[in-house]
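One letter stands for each residue in the lines below.
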Amino acid sequence: MKWLALRTVPVLLLIPVLAGCATGFGQQITAEEIVQKMRDTVKNTQTVHSTVDLLVNIDREGLKKRAGGMAPGVTGKAQHIDELPDSASATLEVWRQKPDKVRVEVDNSTIEEMQGAILASDGQKFYAYSAAKNTLYTGMLDEMDTGHSRWMDMMKSDDLEQALDKLIAASDIKLVGTEQVAGRNTYRLEITPRPDAADGLDLPQAMRTQVAVLLNGAKATLWVDKDRWIPLKLVLEHPDVGRFNYTAVSLELNQPIDPALFVVQAPPGAKTVELEARPQPQSDPQPVTIQQARQVALQEGWKLLEPAYVPDNATLVEVLRVIGAGRHEGDALGPLTFPAGSDRPGFQLTYASPDADFTLSEFYAGDAAGLPDSLSKSQMVGAGEITVRGVKGLVFEDKVRRYTSLVWFEKEPGIFMVVSGKLTLEEALKIAEGLK
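Residues numbered from 1 in each chain as written. Predicted model: local features only at pLDDT ≥ 70, side-chain atom pairs only at ≥ 80, totals over all residues. Heavy atoms only, no water.

**Q** Quick one: what's the story with the overall build of the protein chain, residue by residue and with numbers?
**A** Along the protein chain, the regular secondary structure elements total 9 helices and 20 strands. Burial analysis of the protein chain (436 residues in total) assigns 46% to the buried set. Taking contacts inside the protein chain between residues at least 6 apart in sequence as the whole, the part at least 24 apart equals 61%. Accessible surface computed for the protein chain: about 21200 Å², of which carbon and sulfur atoms make up 51%. (Helix = DSSP H or I, 4+ residues; strand = E, 2+ residues; numbered from the N terminus. Buried < 20%, exposed > 50% of the residue type's maximum accessible area, 1.4 Å probe, protein only. Contact = heavy atoms within 4.5 Å. Areas by Shrake-Rupley, 256 points an atom, 1.4 Å probe, with all protein chains shown as cover.)

Rendered as structure tokens:
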């Protein structure tokens, strides 16, 4: 989910860039023509200065249900969802200059720690000022940790334009009418993800089924100024997550921006923290071959389980080594080694077909006696208990979206198991029972 969140923020900041030229299309304008105008404007816009209002309404119970079903291994953190507010709002002032300069100021926010925050980059150095802590964090972009460097990379013009093209290609867009917004005449567009939307969003294969489930039921409405071709309002809705509102209060395109804006100076009395280079986190999954996965598991003293049955003739399309826990040095993967004394790795095997995509996750647990207490039915909203391969496990089933997760502990040789994906419960159980 976090990964997914990092990818969404830059796209939202892209919205102020979407404005068209003043030439009209006549009476028979189509949604495709409006979209093309906005796409062209993104390519032709060099600078943007905007003020935007954001409002988020959160369905906590629905969000826990989505998180529990999509990532049952981390549902122990469900209490953090309970800490989210029912709603949050903010007013942002944004400056962006191609290809890689950006500044975002939080002028007003209901989230106290975000009040007065500033995020900026001059293309070489990044700045993050926390008014709540009166601290300015700085560092070189090429020395940022992986997550933040990806975020800043996506703010570059080429990446933003590619992200917009992918979103358009993954959606059905319809012109449904005209309305007035803030006293201006607008075209109203309705946007819904296509059934195969996740396949076109440049996501790891293991995430696509989960994201497809999340996108199911989502919709967006966009209001575009008839005269200026500027998006004035955007509403994103999901029945299990909530509602996001964006409103452009002001927007200027292709006006000069003082380069000094992209460098943040520490206010008087503020603390400055220079962030040092950080190595790539070991939690990043790494692709391996099935032969490598088998060999590493044997070196660790356990056997990688593989399905004898797969629905709809699904084929193995991806194997990831999940190394959040790490391992001791020396295994079949050569350079993929970690410091001595760390825990053992796990693997994710993803299978895909037109009608049944699923991921089999296996994590060696050593001396563990069963599922941890933190992974309980009460923390996995919508879950129930079930017997899997002769032991008690947990099941999350969403019949409407045809999504199932099974979680259990394989006593011999001691591995946590998860089967999850676009499956019926019967298919998931059949996969589990056929593992060998």
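**Q** So, the nonpolar core: which residues are in play, and what are the values?
**A** In terms of nonpolar packing, the biggest core is built from 32 residues, with L304, F347, L349, L406, W408 and V419 touching the most fellow members. Within the residue set of this core, elements represented by two or more residues are α8 (290-300), β15 (346-352), β16 (358-364), β17 (383-388), β18 (391-398), β19 (403-410), β20 (415-421) and α9 (425-433). If near-sequence neighbours (up to four positions away) are discounted, L304 is found in contact with I290, A293, R294, A297, F347, L349, E362 and K436. With 27 residues, the next largest nonpolar core counts L54, V102, V224 and L234 among its residues. (Core = buried A, V, L, I, M, F, W, Y, C linked by side-chain atoms within 4.5 Å.)

**Q** Tell me about the pattern of salt bridges, and please be specific about residues and values.
**A** By the definition in use, this model includes 10 salt bridges. R194 is the salt-bridge partner of D172, the closest N and O atoms lying 2.9 Å from each other. Placement of the pair is D172 in strand β7 (residues 171-181) and R194 in the loop between β8 (184-193) and α7 (205-215), with a sequence separation of 22 residues. Since its relative accessible area comes to 32%, D172 is described here as partly exposed. A relative accessible area of 35% places R194 in the partly exposed class. The salt bridge partner of R294 is E306, with a shortest N-O separation of 2.7 Å. (Salt bridge = Lys/Arg side-chain N within 4 Å of Asp/Glu carboxyl O.)

**Q** Outline the sheet that holds strand β3 (residues 101-109), listing residues and values.
**A** Within the open sheet, the 12 strands sit side by side as β7-β8-β9-β10-β11-β1-β2-β3-β4-β5-β6-β12. Their pairing is mixed. Where the open sheet ends on each side, the last strands, each with one partner, are β7 and β12 (271-274). Adjacent strand axes in the sheet meet at a mean angle of 15° when their direction is disregarded. As judged from the 6 bridges shared by strand β5 (residues 125-130) and strand β6 (residues 135-140), these two strands associate in the antiparallel manner. Counted as the bridge partner of S130 is T135 from β6. (Pairing = 2+ DSSP bridges. Axes fitted to C-alpha atoms, helices over the stretch in contact; angles between N-to-C directions.)

**Q** Tell me about the pairing of strand β10 (residues 231-238), residues and numbers included.
**A** Looking at chain direction, strand β9 (residues 219-225) and β10 are connected through 6 bridges and run antiparallel. Paired with A220 across the strands is L236, a residue of β10. A loop of 5 residues connects β9 with β10, the two strands running antiparallel in sequence, and W229 in this loop sits at a positive phi of about 55°. Where β10 meets strand β11 (residues 242-253), 6 bridges bridge the pair, whose relative direction is antiparallel. Paired with K233 across the bridge in β11 is T247. Here β10 folds back onto β11 in antiparallel fashion, the turn holding 3 residues.

**Q** Which residues make up the environment of L360, and what are the values?
**A** Relative to the helices and strands, L360 resides in strand β16. Classification of L360 as buried rests on a relative accessible area of 0%. When the C-alpha positions of L360 and S405 are compared, they lie 9.9 Å apart, and in sequence the two are 45 residues distant. Once you skip the residues sitting within four places of it in the chain, L360 turns out to touch L305, P307, F347, Q348, L349, M417, V418, V419 and L435.

**Q** Explain unusual backbone geometry to me, and be specific about the residues and the numbers.
**A** Trans peptide bonds make up the majority, and among non-glycine residues the majority have a negative phi. Going from K98 to P99, the amide bond is cis rather than trans, its omega being 5°. Among the secondary structure elements, P99 is positioned in the loop between β2 (87-97) and β3. Of note in the backbone geometry, N134 takes a positive phi value of approximately 50° without being a glycine. Tracing the backbone through its elements, the reader meets N134 in the loop between β5 and β6. Despite not being glycine, R389 shows a phi value in the positive range, around 50°. Among the secondary structure elements, R389 is positioned in the loop between β17 and β18.

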